[in-house]
Amino acid sequence: MKIVLPEFESNKISKAIDNARNQFDKLISKQGKGNDFLGWLDLPVYCKSIIDEIKEAAKNFSEGLDAVVVVGIGGSNLGAKAIYEGLKPKFEKLKPEILFAGNNLDEDYHYELVEYLSDKQFGIIVISKSGTTTEPAIAFRILREKLEQTAGKEIAAKRIIAITDREKGALRKLANEEGYKTFVIPDDVGGRYSVLSPVGLVPLAVAGIDIEQLCKGASDVRKALYEDKSDENIAFMYAAARNLLYEQGYKVELLVNYNTSLITFAEWWKQLFGESEGKEGKGLFPASANFTTDLHSLGQFIQEGSRILFETVISVKQTKNNLTIPKNNDDTDGLNYIAGKKIDYVNKMAMQGTYLAHTSAGVPNIIIEIDKVDEYNFGGLIYFFELSCAISGYMLGVNPFDQPGVEAYKRNMFALLGKPGYEEEGETLRKKLKNA
C-alpha cells in the first residue's frame, strides 16, 4: 500500500505528522478518550484464533441453503457487505446467495425479500449486541417467523446463527433458549470497528470468502504500521494530511474509486469516519464518488464549484481480468486510436487526467494505491483506515469510539411510536410536529 499527499509547507506537514505519531502513542498506550473500546487494535491477531471454528460452522451452516440473510445495521452490516460485494462475481449468482436486511425500515424492501425467499431454503445470520436495535430486531422477527413457518421450529433453530453479546441482551437470551449457534461480539469492540471480528468474518466465511487472507492482510498492515514510527508511516501521513486540509477550510472528504468493486466499501468508510469524527461541532463530512461514472454528474461541481472538498482516491494497480478494445474497420466511433489497449489502461489515463484537472482547479488529492482488489488487500485497507481514523479523531480532539448523536433520532422515534416510558415525550413531539 502506498500513499501520495498534496503539497504542503514542509514545516506544517512535519508538525502534523509528529502530532499524529503522538496520538498513535496515546492510542496504543490506552491513554486517550474511549480507551475501553480498543479491542479492535488486536483483532488481526485475535481473528487467527477463531478462524477454524468459523470456517467449520460456516461449512455446516451453508450446506443445502439457497440463500442466507445477514440481519444487522451500521457496523454490524456494512463491513461484511462491502467485502462481499467487492469480491463476488458481478454477474454470477452464487449459492448460497447472501442477502442483507435490517439495515432500513423500508416496508416494500422487506416484503419483497420475504416473497423472494418463499420458495428457497434459507438461513439467517443475525448480528446485534443487544437484540433490541429497532431495524434489525424488526427484520429478524419477520424473517424468523417466515423460517419457522416454512422449515419448522427445530430445523429453523439450526439455520440461525446469532452474533451477539457474550452474556447479556435479548438476542443472547433468545439464542440460549432456542439453541442457536452463537459467536461473540467482543465487549471492547464498537460496531464500526468490528469487521475483523465474528461480525464480519462469519457472514464472509458463509459466502466463501477467504477470511484467512483477509486477516493476514490486516495483520501485515498492523505490523508495518506499528513498527514504522517514521514520517513515512502511511497512517500518520493520511491522518496528518486530512487534518491539515480541514484546518485550511476544506470541510468534505470525497472518497473516490475508479473500480466498481469498491463502491460499497465507501459506505463502510463513510460510517467509520462519520460516526467517529462528527461530533462537538467538528469533523470532515465523508462523501464518496465512483469515477468515471460520477464525473458525468458530480464532475462539474468538483471542477468549478465551491472549494469545500478534497479527494481521497483509492487507486487499484492490477485488475483481475484482461479485456482489450477491438479494432473496427469503419472506426465510426473514432476509437481505433486506442484499439488493442486494455480498458484498464483507458481507466488509468482517465484517472490521471482527472487528477491533473482537479488539482489544477484547486482540489487537493490524496492518493492511496493498493495492488489489487482481493481478500488480502481488503484486510490491509480496513486496518489502515481504522487506525488512521482513530489517530485522526484524537488529533481533532474528539472521542472516536462513541456516537452519542445517534441516540437523538431513536429517542424521538420511540416517543412517537408510543414505546412504554416515552408517553409524555411523545405527546410533546406530536404537538410540535402539528405546529411545524
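The text that follows walks through the structure, step by step, so that each part is easy to find.

1. A few points about the overall build of the protein chain
Scanning the protein chain for helices and strands turns up 16 helices and 10 strands. Compactness check: the protein chain gives a C-alpha radius of gyration of 23 Å against a globular reference of 22 Å for 436 residues, within 12% of the reference. Overall, the protein chain is about 60 × 60 × 55 Å in size when its C-alpha atoms are taken along their principal axes. When burial is assessed residue by residue, the protein chain has 51% of its 436 residues classed as buried.

2. Some thoughts on the sheet that holds strand S2 (residues 67–71)
The five strands lie next to each other as S3-S2-S4-S5-S6, forming an open sheet whose pairing is parallel. Unpaired on one side and paired on the other, strand S3 (97–101) and strand S6 (181–184) mark the two borders of the sheet. Each adjacent strand pair in this sheet contributes to an overall mean axis angle of 20°, direction not counted. Relative to S3, S2 runs parallel, the two sharing five bridges. Across the sheet, Val-71 pairs through a bridge with Ala-101, a residue of S3. Here helix H7 (residues 170–178) sits on the sheet in contact with strand S4 (122–127), strand S5 (160–164) and S6, set at roughly 145° to S5.

3. Considering helix H9 (residues 211–227)
Its 17 residues place the ends of H9 24 Å apart at the C-alpha level, agreeing with the 24 Å of an ideal helix rising 1.5 Å per residue. Taken together, the buried positions of H9 are Ile-211, Leu-214, Cys-215, Gly-217, Ala-218, Ser-219, Val-221, Arg-222 and Leu-225. Taken together, the buried residues of H9 touch helix H1 (10–28), helix H2 (43–62), helix H3 (78–87), helix H8 (198–206), helix H10 (234–247) and helix H14 (375–396). Of the residues that open H9, the one with a side-chain oxygen 3.2 Å from the backbone nitrogen of Glu-212 is Asp-210.

4. Thoughts on the state of the cysteines
Every disulfide links exactly two cysteines, by a covalent bond between their sulfur atoms. Inspection of the entire model under this criterion finds one disulfide. Residue pairing for Cys-47: its cysteine sulfur links by disulfide to Cys-215, the two sulfurs lying 2.2 Å apart. With Cys-47 in helix H2 and Cys-215 in helix H9, the pair connects residues that are 168 residues apart, well separated along the chain.

5. Focus on the packing of aromatic side chains
The full count for this structure, using the stated rule, is 19 aromatic pairs. Where Trp-269 meets Phe-273, the ring centres are 5.4 Å apart and the plane angle is 45°; that geometry is what we call tilted. On the criterion of helical spacing, the pair formed by Trp-269 and Phe-273 is a turn pair, its members being four residues apart in helix H11 (residues 263–277). With a relative accessible area of 0%, Trp-269 lands in the buried category. On the basis of relative accessible area, Phe-273 is assigned to the buried category, the value being 1%. By the ring-pair criterion, three or more aromatic residues cluster together here, those being Tyr-238, Phe-265, Trp-268, Trp-269, Phe-273, Phe-378, Phe-384 and Phe-385. Cation over ring: Lys-341 sits above Tyr-345, and NZ or CZ is 4.9 Å from the ring centre.

Reading the values: rules and limits
- Residues numbered from 1 in each chain as written.
- Predicted model: local features only at pLDDT ≥ 70, side-chain atom pairs only at ≥ 80, totals over all residues.
- Heavy atoms only, no water.
- Helix = DSSP H or I, 4+ residues; strand = E, 2+ residues; numbered from the N terminus.
- Rg over C-alpha atoms; globule rule 2.2 N^0.38 Å.
- Buried < 20%, exposed > 50% of the residue type's maximum accessible area, 1.4 Å probe, protein only.
- Pairing = 2+ DSSP bridges.
- Axes fitted to C-alpha atoms, helices over the stretch in contact; angles between N-to-C directions.
- Contact = heavy atoms within 4.5 Å.
- Expected span 1.5 Å × (residues − 1).
- Polar contact = N/O pair within 3.5 Å; in protein donor to acceptor, adjacent residues only side chain to side chain.
- Disulfide = S-S within 2.5 Å.
- Phe/Tyr/Trp six-rings, centres within 6.5 Å; stacked < 30°, edge-to-face > 60°.
- Lys NZ or Arg CZ within 6 Å of the ring centre and 35° of its normal.

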